[in-house]
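Spelled out, the chains give:
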Amino acid sequence: FGSSGVDDPADGGALPDPRSRAEALSQDHDGWTESMKKELDNHEENGSWERVAPDAVPRGRRLVKLVWVYKRKRDGKLKSRLCVQGCIQVPGVDYDQTWCGTMRASTLRLLSAAAAQLNLHMRRWDFTAAYLQGKLLDGEVTYCYPPPGSETTHGDPYVCKVVKPVYGMAQAGRRWQRSIFPWFLEHGFHQSYADSCVFYKHGVTQDASGNSRAEVIMVGCYVDDLYVLSSHTDDQSLYASFTRDMTKRWNVEDEGEIADLLNVEITREGDHVVLRQRGYIDKMVSTYLS
């Protein structure tokens, strides 16, 4: 989820991401309260957990904490994420397998080079609360303390029986990828042998005038962010078909032309695609040299 800061006009410097709920509320009570409410609404809509009485927890099962993680986005948006404290989960009881892949930094550079060489459109798509859209295996259940700040329901204490993937769970990333990767294959994409987080598709389509054309679309997956490269973007294109199907199946947002990914700033300058890490460098300087 990372950490960063944004310029605060009140103090002229970078305001760090809150490290606790108390710190968040002291910085911006209304803003962070609204952000946390939005996150809780996502869980409520998703049915991430069931509220059960504390005595419903099976004997010997460990209760895991839910913790808040906060981030100020580059555009100033406040984003709260409710996470399971996965390090407390018990292997073989709360989960079995955890491995999942992430797109490599070298792959990001390669895709950007392909975009420059082939003059491809570059866009970024973001899955809203992606992990919540995955599925746990049958019988894969974790019991958690309530989210900080909402320890009771109508005055009665309760425990969260987590029945869907939640950020921070040891197996959450794997469960998400086991949901989204098969979807790409079902929609005619090929998975790269060099990086399993990259999918591509070639095809011949017709434009609005009925002329045939060859197309390509490539998608790099980094957890809940997609780096989408396409040769065409009109209504008859592979890109349009792909995004229509994706928005029907998943809760996803088009973030427009890509500007950054993996702490890398991405810009098109003439015939070139330029990658920079000024924000990351500034953060390292502020952390270790100031």
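Given the structure is predicted, the values throughout are model-derived calculations rather than measurements.

Thresholds, definitions, all that
- Residues numbered from 1 in each chain as written.
- Predicted model: local features only at pLDDT ≥ 70, side-chain atom pairs only at ≥ 80, totals over all residues.
- Heavy atoms only, no water.
- Core = buried A, V, L, I, M, F, W, Y, C linked by side-chain atoms within 4.5 Å.
- Buried < 20%, exposed > 50% of the residue type's maximum accessible area, 1.4 Å probe, protein only.
- Contact = heavy atoms within 4.5 Å.
- 1 Å grid on protein atoms, 1.4 Å probe; cavity = no way out; pocket = protein on both sides within 12 Å on 5 of 7 lines; lining within 4 Å.
- Points joined across faces, edges and corners; volume = space filled by probe spheres on them.
- Helix = DSSP H or I, 4+ residues; strand = E, 2+ residues; numbered from the N terminus.
- Pairing = 2+ DSSP bridges.
- Polar contact = N/O pair within 3.5 Å; in protein donor to acceptor, adjacent residues only side chain to side chain.
- Salt bridge = Lys/Arg side-chain N within 4 Å of Asp/Glu carboxyl O.

Asks: Explain the nonpolar core here, please?
Replies: Here is a general trend for soluble globular proteins: nonpolar side chains tend to be buried in one another's company. Phe184, Leu226 and Phe242 are the most contacted members of the largest nonpolar core, which has 63 residues in total. What phenylalanine 242 contacts, discounting residues up to four positions off in sequence, is Trp183, Phe184, Phe189, Ile217, Val219, Leu226 and Val228. In this structure, Val52, Val57, Val141 and Tyr143 belong to the second largest nonpolar core, which totals 5 residues.

Asks: I'm lost on empty space enclosed by the protein in this one. Help?
Replies: Where empty space is left becomes clear once a probe the size of a water molecule has been rolled over the atoms. Scanning the entire structure with this criterion turns up 1 cavity of 30 Å³ or more. What lines the largest cavity is Phe127, Trp176, Gln177, Ile180, Phe181, Cys197, Cys221, Tyr222, Val223 and Leu226. When residues of the lining of the largest cavity are assigned to their parent elements, the largest contribution, 4 residues, is made by helix 4 (residues 172-186).

Asks: Where do I start with the sheet that holds strand 6 (residues 121-127) in this structure?
Replies: Pairing between the strands of a sheet comes from backbone hydrogen bonds, and it takes one of two forms, parallel or antiparallel. One open sheet holds the 6 strands; their spatial order is 11-12-13-14-6-15, and the pairing between them is antiparallel. The open sheet terminates on both sides in strands that have one partner only, identified here as strand 11 (190-191) and strand 15 (252-257). In this sheet, strand 14 (residues 225-230) lies alongside strand 6 in antiparallel orientation, the contact comprising 6 bridges. Bridged to histidine 121 within strand 14 is serine 230.

Asks: How should I be thinking about the side chain of aspartate 225 in this particular structure?
Replies: Along the chain, aspartate 225 falls in strand 14. On the accessibility criterion, aspartate 225 (10% relative accessible area) is buried. Side chain to side chain, aspartate 225 and arginine 124 meet in a polar contact 3.1 Å long. Here aspartate 225 is in contact with Arg124, Trp125, Asp126, Gly220 and Leu261, once residues within four sequence places are set aside.

Asks: Help me out: how do you make sense of the pairing of strand 17 (residues 264-269) in this one?
Replies: One face of the sheet, then the other: side chains in a regular strand alternate in exactly this way. Pairing of strand 16 (residues 260-261) with strand 17 involves 2 bridges; the strand directions are antiparallel. From the neighbouring strand, leucine 261 faces strand 17, where its bridge partner is valine 264. Two successive antiparallel strands, strand 16 and strand 17, enclose a turn made up of 2 residues, where leucine 262 displays a positive phi of approximately 55 degrees. Pairing of strand 17 with strand 18 (residues 272-276) involves 5 bridges; the strand directions are antiparallel. Pairing of isoleucine 266 across the sheet is with leucine 275, part of strand 18.

Asks: Whenever I open this one, the pattern of salt bridges confuses me. Can you help?
Replies: When the charged atoms of two side chains with opposite charge come close together, those side chains can pair. Summed over the entire model, instances satisfying the criterion amount to 13 salt bridges. A salt bridge links glutamate 23 to arginine 19, with the shortest nitrogen-to-oxygen separation between them at 3.7 Å. Classification of glutamate 23 as partly exposed rests on a relative accessible area of 21%. Using a relative accessible area of 72% as the deciding quantity, one classes arginine 19 as exposed. A salt bridge links arginine 213 to glutamate 215; its shortest N-O distance comes to 3.2 Å. A relative accessible area of 4% means that glutamate 215 is categorised as buried.

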